[in-house]
Amino acid sequence: AATGKGNYRHFMEKELHEHPVVIGETLRQYIDSTTRRVALPPLPFDPLVVPKLTITACGSAFLAGLVGRYWIESLARIPVDADTASELRYRDPPLPEGGAALLVSQSGETADTMAALRLLKGAGQSILSVVNVDESSMARESDTTLLTVAGPEIGVASTKAFTAQLSVLACLAIGMARARGTIDAAREAALIAALLELPSDAAALLDDNATIQALAVEVAEARDVLFLGRGNLYPIAMEGALKLKEISYIHAEGYAAGEMKHGPIALIDPAVPVIALCPSGPLLEKTASNLQEAAARGGRIMAFTDAEGAPALRRFAQHVIVLPTVDPFVAPILHAIPVQLLAYHVAVLRGTDVDQPRNLAKSVTVE
Ligand code: G6P
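Residues numbered from 1 in each chain as written. Predicted model: local features only at pLDDT ≥ 70, side-chain atom pairs only at ≥ 80, totals over all residues.

Here we look at the overall build of the protein
- In terms of helices and strands, the protein carries 13 helices and 10 strands.
- Against the globule reference of 21 Å for 367 residues, the protein gives a C-alpha radius of gyration of 20 Å, in line with a compact fold.
- With the principal axes as the frame, the protein shows a C-alpha extent of 50 × 45 × 40 Å.
- In the protein, which comprises 367 residues, the share counted as buried stands at 55%. (Helix = DSSP H or I, 4+ residues; strand = E, 2+ residues; numbered from the N terminus. Rg over C-alpha atoms; globule rule 2.2 N^0.38 Å. Buried ≥ 20, exposed ≤ 12 C-beta atoms within 10 Å, placed from the backbone.)

Here's the deal with the nonpolar core
- Of all hydrophobic cores here, the largest spans 129 residues; its most connected members are Leu 169, Ala 173, Ala 237, Val 274, Ala 276 and Ala 303.
- No other element matches the 13 residues that helix H7 (residues 160–180) contributes to this core.
- The residues touching Leu 169, leaving out its near neighbours within four places in the chain, are Ala 64, Val 67, Gly 68, Trp 71 and Val 130. (Core = buried A, V, L, I, M, F, W, Y, C linked by C-beta atoms within 7 Å. Contact = placed C-beta atoms within 7 Å.)

Examining the pairing of strand S7 (residues 251–256)
- Both strand S6 (residues 224–229) and S7 contribute to a ladder of six bridges, which runs parallel. Considered in S7, the bridge of Val 225 is made with Ala 252.
- With respect to chirality, the unit in which S6 leads through helix H10 (residues 234–248) into the neighbouring parallel S7 is right-handed. (Pairing = 2+ DSSP bridges. Right-handed = clockwise from strand over helix to strand, strands pointing away.)

Some points on the pairing of strand S3 (residues 100–105)
- Most of S3 is tucked away: six of the six residues are buried.
- Taking every second residue as pointing to the same face, both faces of S3 are buried, with Ala 100, Leu 102 and Val 104 on one and Ala 101, Leu 103 and Ser 105 on the other.
- Both strand S1 (residues 53–57) and S3 contribute to a ladder of five bridges, which runs parallel. Looking at the pairing, Leu 53 lines up with Ala 100 of S3.
- Pairing geometry for S3 and strand S4 (residues 126–131), over six bridges, is parallel. The partner of Ala 100 across the bridge, within S4, is Ser 126.
- Of the crossover connections in this fold, the one passing from S3 over helix H5 (residues 111–122) to the parallel S4 is right-handed.

Things to note about helix H3 (residues 59–76)
- Between its first and last C-alpha atoms H3 spans 25 Å; for 18 residues at 1.5 Å apiece the expected length is 26 Å, and the two agree.
- Within two residues after H3, Arg 77 carries a phi angle of roughly 60°, on the positive side. (Expected span 1.5 Å × (residues − 1).)

Comments concerning the environment of Leu 117
- Residue placement: Leu 117 occurs in helix H5.
- Taking C-alpha positions, Leu 117 is 25 Å from Gly 155, a pair spaced 38 residues apart along the chain.
- Apart from residues lying up to four places away in sequence, Leu 117 is in contact with Leu 103, Ile 127, Met 138 and Glu 141.

Side note on the sheet that holds strand S8 (residues 273–277)
- Within the open sheet, the five strands sit side by side as S7-S6-S8-S9-S10. Their pairing is parallel. This sheet does not close on itself; its edge strands, each paired only once, are S7 and strand S10 (319–323). Strand-to-strand twist of the sheet, defined as the mean angle between neighbouring strand axes without regard to direction, takes the value 20°.
- In this fold helix H13 (residues 331–350) packs onto S8, strand S9 (300–306) and S10, with an angle of close to 130° to the strand it touches most, S10. (Axes fitted to C-alpha atoms, helices over the stretch in contact; angles between N-to-C directions.)

Section: the sheet that holds strand S2 (residues 80–84)
- Taken together, five strands build an open sheet; the order of strands is S2-S1-S3-S4-S5 and the sheet is parallel. Strands at the two margins of the open sheet, each flanked by one partner only, are S2 and strand S5 (144–147). Sheet twist, expressed as the average angle between the axes of neighbouring strands with direction ignored, equals 20°.
- Strands S1, S2 and S3 of the sheet are contacted by H3, whose axis makes an angle of about 160° with S1.

What about the confidence of the model for the protein?
- Of all residues in the protein, 99% have pLDDT values of 70 or greater, and the mean over the chain is 95.
- For this predicted complex, the interface score ipTM comes out at 0.97, alongside a pTM of 0.97. (pLDDT = per-residue confidence, 0-100.)

Some thoughts on the site of the ligand
- Surrounding the ligand, one finds 16 residues, the nearest of these being Gly 59, Ser 105, Gln 106, Ser 107 and Thr 110.
- If one sorts the elements of the shell around the ligand by residue count, H3 sits on top with three residues. (Near = placed C-beta within 6 Å.)

See the structure below:
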């Protein structure tokens, strides 16, 4: 049945293997297959004049929202504020007339995100939400909902819903950029092509489970783990750390690579794996030099990159994991998969309750 585990050991494992299908199905909702252009339903605000977008959510959905901020600001040139719902709701931020809010949630029921929605609505913001459950409170109370096509997610730690959220947010950023004239047709076509390649890239990556499993054996021994990334990979570093904490109970931090020198570098010794997300692109050299600093202090570097980025990293990294080469714009979607897989394998090795980690709930409907 659709709700069974099939041949998988855990729901989380099954759901991880659904990434390619879920990304593909979600993109199919928002990219016209004949024109190969983004086709969004009418938005509740005009992207041409909206003064500010406030993104809010909780947990992994918030991290998807943070990637959305990078995409929307860089592509559509709309100012974005992003904050967790539990902070935003008490922060009393100035909200401009004609402003809009973007809520992200798998369940559509998270109490803090719902409270933020009502507050933002009360302050006159148009409400757009990215939700996985059609009949949820959030979908009902939003002006417009962009549904993710992830299907039911049973594992408490979000996996496939996360890449589905990213897929929608990428389409939204491209669609708004086109409406605002901040993207040209050639770049738009290149981004769409990159998105449409993701399902097969993701499938290739999931087939090569052995590499991640070997890495997991080392990570499972650690007490602390540092995840680093820059730009739109920074939220994915945080997602890697969050997943590891959630299901393996190993302490992990997700940090902006350039900020490491202002604190976490003090923790570095050979017992602390440093997991870096550094695909080739304009920021690779910067991240590589941060990693070299960590390596010089005995740090054990495990770097996720692509064929072009690998040679530079091999000079000092213990492990270089080569992912398919993709446009830097879509790299966060691809890189989310191995960090989630790694957390899964570490948790299995540690013998934790992968699908029902202690103290966590799938949907947190209390404040
Ligand atoms: C819980 C889950 C997380 C999820 C978060 C937000 O903490 O364990 O996996 O990211 O809630 O849930 P939502 O349904 O709003 O996406």
